[in-house]
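Structural overview
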Amino acid sequence: MRAPIVVFAVGNPSRGDDAIGPVLCERLAAWLAEQRLTERVELVEDFQLNIEHALDLVGRERAIFIDAGENTPAPFILTRIQPAAIPSHSSHALPPSAVLQVYRQTEGAEPPPSFVLCVRGECFELGEGLSPPAAERVSAALARLTGLLQAPKSADWPV
């Protein structure tokens with residue numbers, strides 16, 4: 001049986017604040033273990049989203065995509081997303097809405113309610129660590145995320 005919620009954490013840990021997704025994933029994994037909620041949430045960490053990630057949506061009640069954003073309002077945004085086709089000549093580096101569209105096309109059904117948690121980053125240089133502002137935003141995003149995961153059916157989720 002699959003966990004009802006899947007969380008995709010996207011980013012490159014060796015590119016400064018692009019590590020926001022993986023750092024959040026690591027902290028979320030520790031919180032899930034502490035709360036004994038690991039059976040309710042599956043974590044998928046990757047450098048980028050690909051068409052194969054659509055298969056990770058099968059049998060889910062909800063999906064959350066975590067990523068860093070350079071021009072995102074601080075500290076983060078949490079929004080519901082819908083499937084959307086994007087013109088592309090590659091099957092790599094898809095936005096979350098395109099992953100939902102692949103799910104719709106391959107499964108012949110609507111994807112689960114899906115959300116993007118985009119945390120503002122400042123520095124994305126190769127070899128840099130997480131910036132102090134990004135580290136603070138990760139903590140704020142984790143608090144919001146854990147609140148949602150404690151009450152997955154509540155009205156706190158974006159519409």
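In this report, we go over the structure that sits alongside the text. (Residues numbered from 1 in each chain as written. Predicted model: local features only at pLDDT ≥ 70, side-chain atom pairs only at ≥ 80, totals over all residues. Heavy atoms only, no water.)

**Looking at helix 2 (residues 96–107)**
In this model, helix 2 (twelve residues) spans 16 Å end to end at C-alpha, consistent with the 16 Å of a helix rising 1.5 Å per residue. The set of residues buried in helix 2 consists of S97, A98, V99, L100, Q101, V102 and Y103. For helix 2, the secondary structure elements touched by its buried residues are strand 3 (62–69), strand 4 (76–81) and strand 5 (114–120). G108 occupies a position one or two residues after helix 2 and carries a positive phi of about 65°. (Helix = DSSP H or I, 4+ residues; strand = E, 2+ residues; numbered from the N terminus. Expected span 1.5 Å × (residues − 1). Buried < 20%, exposed > 50% of the residue type's maximum accessible area, 1.4 Å probe, protein only. Contact = heavy atoms within 4.5 Å.)

**So, the sheet that holds strand 1 (residues 5–10)**
In spatial order, the strands read 2-1-3-5-4; together these five strands make up an open sheet with mixed pairing. Each edge of the sheet is formed by a strand with only one pairing partner; in this case those strands are strand 2 (41–46) and strand 4. For this sheet the average axis-to-axis angle between neighbouring strands, irrespective of direction, equals 20°. Packing against the sheet, helix 3 (residues 132–150) makes contact with strand 1, strand 2, strand 3, strand 4 and strand 5, and its axis sits at approximately 160° to strand 5. (Pairing = 2+ DSSP bridges. Axes fitted to C-alpha atoms, helices over the stretch in contact; angles between N-to-C directions.)

**So, the pairing of strand 2**
Sheet topology places strand 1 next to strand 2; six bridges connect them, and they run parallel. Paired with V10 across the bridge in strand 2 is D46. As for the winding sense of the linkage, the β-α-β connection from strand 1 through helix 1 (residues 20–35) to strand 2 is right-handed. (Right-handed = clockwise from strand over helix to strand, strands pointing away.)

**Details of the layout of surface pockets**
Roughly 200 Å³ of internal volume is contained in the largest pocket. Considering the residues around the largest pocket, the lining is formed by 16 residues, among which V10, L49, D67, L94 and P96 are closest to the centre. Those elements that place two or more of their residues in the lining of the largest pocket are strand 3 and strand 5. Take the lining of the largest pocket: its biggest share by element is three residues, from strand 3. Class assignment of the residues belonging to the lining of the largest pocket gives a composition of eleven nonpolar, three polar and two charged. (1 Å grid on protein atoms, 1.4 Å probe; cavity = no way out; pocket = protein on both sides within 12 Å on 5 of 7 lines; lining within 4 Å. Points joined across faces, edges and corners; volume = space filled by probe spheres on them. Nonpolar A, V, L, I, M, F, W, Y, C, P; charged D, E, K, R; others polar.)

**A few points about the pattern of salt bridges**
As enumerated under the stated definition, the model contains five salt bridges in all. A salt bridge links R60 to E42; the shortest N-O distance between them is 2.5 Å. You can see R60 sitting in the loop between strand 2 and strand 3 and its partner E42 sitting in strand 2, a full 18 residues away along the chain. Exposure remark for R60: the relative accessible area of 8% places this residue in the buried category. Residue E42 is classed as partly exposed on the basis of its relative accessible area, which comes to 30%. (Salt bridge = Lys/Arg side-chain N within 4 Å of Asp/Glu carboxyl O.)

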